[in-house]
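Each chain is listed here by its residues.
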Amino acid sequence: MATSASVDVLTRGNNWDIRTFNPEKCSGCRNCELACSIAHFGAFNPRRARIQVLRQGCREEIRVCNHCEDHPCIAACKRGALAWDDGEILVDDAACNLCGDCIAACASGGIRIFDETLLICDLCHGDPMCVKFCTTGALALKAR
Amino acid sequence: MDRLLWVDLTGGRTRKTRIPEEWKSCYLGGRGFTSKVLYDLVDADTDPLSPDNVLTVATGPLDGTLSPSSGRFTVGCKSPLTGLLGDANSGGHFGPELRFAGYDAVIIRGRAKGPTYLFIDDDHVELRDASHLWGHGVFDTIKLLEEAHGKDIKIIAIGQAGENLVPYANIMAAGHNAAGRTGVGAVMGSKNLKAIAVRGSSDIPVADDERFLAKVRECHRKLMADPTYQDFSEYGTLILVDIAQASGGLSTRNGQLGLFEHYEKISSHIYQETYKLASKACFSCILHCKNYARVTSPPYECENMGPEYETMVTLGSRVGVGSLAAILKANQLANDYGLDTISAGTSIAFLMECSQRGLIDEKYEWGDAEFVLDCLHKIAHRDGIGEFLARGVRAMSAEIPGSEGFALHVKGLELPAFDVRTGKGFALGEAVASRGGDHLRALPNFELLSKTREEGIRWFGTPDCVNPYTESGKVGMVIWHENYGAVCDSAEICKYCTFATYAIMPQDVADLLTFAVGREYSEADLLAAGERIVNIERMFNLRCGMTPRDDTLPRRFLQEGLPEGPAKGVTVDLAKMLPEYYSGRGWTKDGVPTREKLEELGIEAKGVA
């Protein structure tokens, strides 16, 4: 088996632990998507998940906000619907008109629209459900 | 959710109905539904390949949730291979997607005028022309459908084998998860239905989020703490190749031997070191027993999800092939053509033994990988020798006098990899299984896992149940496994969470269901549902002309001892188990459910004398 580990640092929020993703360990079970959707919407539905895992051959690719320090999504929003708060992107749903400019600006493909809602990971305010239900260790938290 | 989708291919119509309450409370879902539909809607004289046969695709009540390894689905119909109850289930990601689209089951009748596929996009349901897909293998079919509808759809499809009505054609999910047994793919082909493509985006709520999630976490912990979890999550079912060789039951040369001379070349460790790239999981599964593999050197280059234990044996040791690359290639071909590897491999092995014994004029050599690959092409297209092989072992044997004793089938279904001389619980389970020669109905792994005598007494009241080589003490264990197995197949929970690890027990499933659907289930409710399903399947088979004489095994396992290894000289004595099994089930001494038993289970007797 291939063993060369390539761990992507996903999250660089200010105070919270860092969330990492190791594609070598990801089995593609999609438990992270299910945990995310029930945590935020009270129901299972991968299309509502703010984290998405896509299988390409034998490799899983992740799509999720990595809370990057320059957060170009905020600059791209002409309506001021996005704000940076202590490592988390806050969405003002009333101000957001779902134009998708933030999606175009995000290099990690971490923002999506489903059911007229803008979906951006809030890291469950520091205690992410996706990591809790990842049993392979592909998603992990690392103290900064 | 809670909806049935009825598809009439002859009239080109679809409609949606609520699921009857009785189905949910008494038959749970999945296999319970498919068997209930057969019992209610299919006659004794229905030709399996006629428009009158009913093909049901059913999900379980936990599909789409975080419940561990609960994303399976079952396809049921009358089997063209056995003429009896047919069904096959599969993991992957299709079952949950169908449920996210809002359907617990799709019930398909009739025959389309020309090649057709069913497209389900949430509420939008459409029968579409599949002329451009007909003739293509499973891989191309999936690619073309994804190009048309987007990569996020989930697909089940048949390959050329199903189109050409090979009676052991399977239905493939995503190109590597097989609903493999009893020829469900041929029935789909007979209906001119090439594929079902689904996109689902609705929510699946659960009744009690907090307790449900806590229960899921508890199940995860129990699974990961189980001693067999490590092996299964690392090697998948291929670990069983090693266990079979060690116990002297690695089915070799059509079961003439239980030790394979090339075992070292196909062991799970060699596979791990050579071709395996990654472990992969089905939906919501933490066991991730599937393995992705790549062969880069000629002549067997291929890349796909790798074979399971069954395929490693039936297209490997059972036909004498010790080339791992060739087995991987054969697995990929079978998946693309949509062929059951167990039935195909066993049919080829049967032919090879006929040749070895001079019962036919042609010469076929054990271990001839090129010949095996050529056979797979020909079976799928019913070409040349493939036309004969495509009939399956029972029909082939009927034309070759003197071959019945080593025709490895029960009730017409080719026998899986496990050599039942090395596990008497398995022997009983395969003799009585409601879909013919099948190990998964009972799957009494308990006898194989080196459990202690004390554990045997605690679980099934007898220390003998942990000794695989004795007939005594097996009946109670097998009945419990059959009943709970029917629950697993109906809740669509993978049996590797329940009968390989024994981590998730009936009370756990009862809790998961209670917290998910908001209806109180007890362990007793579930096991009664399992018993009900086993009985309704028995009744269906009796209606179709099965007799208790069919509850048997090939003479090879009853009279020929293995020549070497730990199981040397052991044979199976079914007469020591069958009478006790029938009475333990509350059936007559002829193996027929009594009126009292049917009343107790709430089954209305119909269609049988």
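Bear in mind the structure is a predicted one, so any value in this text is a computation, not a measurement. (Residues numbered from 1 in each chain as written. Chains lettered and ligands numbered in written order. Predicted model: local features only at pLDDT ≥ 70, side-chain atom pairs only at ≥ 80, totals over all residues. Heavy atoms only, no water.)

Chemist: Can you explain the overall build of chain B? Please cite residues and give values.
Modeler: Helix and strand content of chain B: 26 helices and 17 strands. In summary, chain B has a C-alpha radius of gyration of 22 Å against a globular reference of 25 Å for 609 residues, a match within 12%. Expressed as lengths along the three principal axes of its C-alpha atoms, the size of chain B is roughly 60 × 55 × 50 Å. Taking all 609 residues of chain B together, the buried fraction comes to 67%. Pairs at least 24 apart in sequence give 68% of the contacts found in chain B among residues at least 6 apart. Put simply, chain B has 65 plus and 82 minus side-chain charges, and the middle of one group is 2 Å from the middle of the other. (Helix = DSSP H or I, 4+ residues; strand = E, 2+ residues; numbered from the N terminus. Rg over C-alpha atoms; globule rule 2.2 N^0.38 Å. Buried < 20%, exposed > 50% of the residue type's maximum accessible area, 1.4 Å probe, protein only. Contact = heavy atoms within 4.5 Å. Lys, Arg positive; Asp, Glu negative; His and termini not counted. Charge placed at Lys NZ, Arg CZ, Asp CG, Glu CD.)

Chemist: Got a sec to walk through the overall build of chain A? Specific residues and values, please.
Modeler: Scanning chain A for helices and strands turns up four helices and nine strands. For chain A, the succession of helices and strands along the chain, N to C, is β-β-α-β-β-α-β-β-α-β-β-α-β. Split into buried and exposed, the 144 residues of chain A put 50% on the buried side. In chain A, 56% of the contacts between residues at least 6 apart in sequence involve partners at least 24 apart. When the accessible surface of chain A is totalled, it reaches about 6,300 Å², and 49% of it is carbon and sulfur. (Areas by Shrake-Rupley, 256 points an atom, 1.4 Å probe, with all protein chains shown as cover.)

Chemist: Give me the lowdown on helix α9 (residues 239–246) of chain B, citing residues and values where you can.
Modeler: Residues and elements named next belong to chain B. Burial analysis of α9 places six of its eight residues in the buried class, which makes it a mostly covered element. Inspection of α9 places Ile 239, Leu 240, Val 241, Asp 242, Ala 244 and Gln 245 among the buried residues, and these make up the whole buried set. On the buried face of α9, the contacting elements are α8 (229–235), α10 (263–266), α11 (268–274), α12 (309–314) and α21 (496–500).

Chemist: Describe the interface of chain A and chain B, and please don't skip the residues or the numbers.
Modeler: The interface is formed by 28 residues belonging to chain A together with 39 residues belonging to chain B. For the pair chain A and chain B, the summed buried area comes to about 2,800 Å², and 58% of that belongs to carbon and sulfur atoms. In this structure, the connection of chain A to chain B is made through four salt bridges. Across the salt bridge formed by Lys 280 of chain B and Glu 60 of chain A, the nearest N and O atoms sit 2.8 Å from each other. Remark: the boundary between chain A and chain B carries 14 residue pairs in polar contact (both at pLDDT 80 or more). Sort the elements by how many residues they give to the side of chain A that touches chain B and helix α1 (residues 31–41) of chain A lands first, with four residues. Residues that form the side of chain A that touches chain B fall into these classes: 14 nonpolar, eight polar and six charged. (Buried area = accessible area lost by both parts, 1.4 Å probe. Salt bridge = Lys/Arg side-chain N within 4 Å of Asp/Glu carboxyl O. Polar contact = N/O pair within 3.5 Å; in protein donor to acceptor, adjacent residues only side chain to side chain. Nonpolar A, V, L, I, M, F, W, Y, C, P; charged D, E, K, R; others polar.)

Chemist: How would you summarise the layout of surface pockets if you had to cite specific residues and measurements?
Modeler: Approximately 1,100 Å³ is the volume attributed to the second largest pocket. In terms of lining, the second largest pocket is formed by 33 residues, of which the most central are Arg 55 of chain A together with Glu 146, Lys 151, Lys 154 and Ala 174 of chain B. Contributing elements (two or more residues each) for the lining of the second largest pocket: β3 (52–56) of chain A together with α3 (94–100), α4 (138–149), β9 (154–157) and β15 (302–305) of chain B. For the lining of the second largest pocket, the leading source of residues is β3 of chain A, giving five residues. (1 Å grid on protein atoms, 1.4 Å probe; cavity = no way out; pocket = protein on both sides within 12 Å on 5 of 7 lines; lining within 4 Å. Points joined across faces, edges and corners; volume = space filled by probe spheres on them.)

Chemist: So what about the sheet that holds strand β14 (residues 290–295) of chain B? Which residues, and what values?
Modeler: All names here are of chain B. If you walk across this open sheet you meet the three strands as β13-β14-β15, and the pairing is antiparallel. Each having just a single partner strand, β13 (276–280) and β15 make up the two edges of the open sheet. Neighbour-to-neighbour, the strand axes of the sheet open up by a mean angle of 10 degrees, direction not taken into account. Pairing between β14 and β15: four bridges, direction antiparallel. Paired with Tyr 292 across the two strands is Met 305, which belongs to β15. Across the sheet, helix α13 (residues 324–337) touches β14 and β15, and the angle it forms with β15 is around 65 degrees. (Pairing = 2+ DSSP bridges. Axes fitted to C-alpha atoms, helices over the stretch in contact; angles between N-to-C directions.)

Chemist: Lay out unusual backbone geometry with the relevant residues and their values.
Modeler: Each neighbour pair has its own omega, and for Pro 298 of chain B with Pro 299 of chain B the value is 5 degrees, a cis peptide bond. Tracing the chain through its elements places Pro 299 of chain B in the loop between β14 and β15. For Cys 124 of chain A, which is not glycine, the phi dihedral falls at a positive 45 degrees. Looking at the secondary structure, you find Cys 124 of chain A in the loop between β8 (117–119) and α4 (129–132). The residue Asn 192 of chain B is not glycine, and still its phi comes out positive at about 60 degrees. Looking at where Asn 192 of chain B falls in the secondary structure, it is placed in the loop between α6 (184–190) and β12 (193–199).

Chemist: Explain the packing of α13 of chain B against helix α15 (residues 369–381) of chain B to me, and be specific about the residues and the numbers.
Modeler: Residues and elements named next belong to chain B. Close contact between α13 and α15 brings their axes to 10 Å; oriented N to C, the two are set at 0 degrees. Accordingly, the angle class assigned to the pair α13 and α15 is roughly parallel. Contacts from Ala 326, Lys 329, Ala 330, Leu 333 and Tyr 337 in α13 reach Ala 369, Leu 373, Leu 376, His 377, Ala 380 and His 381 in α15. Looking at side-chain class alone, the contact of α13 with α15 contains eight nonpolar, two polar and one charged residues. (Parallel < 35°, antiparallel > 145°, perpendicular 65-115°, else oblique.)

Chemist: Account for the pairing of strand β5 (residues 85–90) of chain B, naming residues and giving values.
Modeler: Residue and element names in this part refer to chain B. Here β5 lies mainly inside the structure; six of its six residues are buried. One ladder, built from six bridges, connects strand β4 (residues 73–78) with β5; its direction is antiparallel. Considered in β5, the bridge of Val 75 is made with Ala 88. Between β4 and β5, which pair antiparallel in sequence order, lie six residues; one of them, Gly 83, sits at a positive phi of approximately 75 degrees.

Chemist: With reference to specific residues and values, describe the pattern of salt bridges.
Modeler: Residue and element names in this part refer to chain B. Counted according to the given criterion, the structure contains 57 salt bridges over all chains. Put simply, Asp 104 and Arg 99 hold a salt bridge, and the shortest N to O gap is 3.3 Å. Neither Asp 104 nor Arg 99 differs from the other in exposure class; each is buried. One salt bridge connects Arg 357 with Glu 353, and the closest N-O pair in it is separated by 2.7 Å. Residue Arg 357 is classed as partly exposed on the basis of its relative accessible area of 41%. In this structure, a network of salt bridges that share partners links the residues Arg 31, Asp 87, Arg 435, Asp 438, Arg 441, Asp 489, Lys 495 and Glu 537.

Chemist: Which residues make up the packing of aromatic side chains, and what values do they have?
Modeler: All names here are of chain B. Under the defined criterion, the tally for this structure stands at 22 aromatic pairs over all chains. Considering the side-chain rings of Trp 459 and Phe 460, the 6.0 Å spacing of their centres and the 55 degrees angle between planes classify their relative orientation as tilted. Exposure remark for Phe 460: the relative accessible area of 16% places this residue in the buried category. Taking 5.3 Å as the distance between ring centres and 50 degrees as the angle between the ring planes, the aromatic pair formed by Trp 480 and Tyr 484 counts as tilted. (Phe/Tyr/Trp six-rings, centres within 6.5 Å; stacked < 30°, edge-to-face > 60°.)

Chemist: Give me the sheet that holds β12 of chain B: which residues, what numbers.
Modeler: What links the strands of a sheet is backbone hydrogen bonding, and the strands pair in either a parallel or an antiparallel sense. All names here are of chain B. Strand order in the open sheet formed by six strands is β8-β7-β12-β9-β10-β11, and the pairing between neighbours is mixed. Since the sheet does not close on itself, it has two edges, and those belong to β8 (124–129) and β11 (177–179), each with one partner. Ignoring which end each strand starts from, the neighbouring axes of this sheet average 20 degrees apart. Along the sheet, α4 makes contact with β7 (116–121), β8, β9, β10 (171–173) and β12, crossing β9 at roughly 145 degrees.

Chemist: Which residues make up α13 of chain B, and what values do they have?
Modeler: Residue and element names in this part refer to chain B. End to end, α13 covers 20 Å across 14 residues, agreeing with the expected 20 Å (1.5 Å per residue, within 8%). For α13, every residue scored as buried is listed here: Leu 324, Ala 325, Ala 326, Ile 327, Leu 328, Ala 330, Asn 331, Gln 332, Leu 333, Ala 334, Asn 335 and Tyr 337. A positive phi of about 75 degrees marks Gly 338, the residue just after α13. (Expected span 1.5 Å × (residues − 1).)

Chemist: An account of the side chain of Thr 136 of chain A is needed here, citing residue identities and associated values.
Modeler: Relative to the helices and strands, Thr 136 of chain A is located in the loop between α4 and β9 (139–142). A polar atom in the side chain of Thr 136 of chain A sits 3.2 Å from the backbone oxygen of Lys 25 of chain A. Looking at Thr 136 of chain A, its side chain comes within polar contact range of the main-chain nitrogen of Ala 138 of chain A, at 3.1 Å. Those residues in contact with Thr 136 of chain A that lie beyond four places of it in its chain are Lys 25, Cys 26 and Ser 27 of chain A together with His 288 of chain B.

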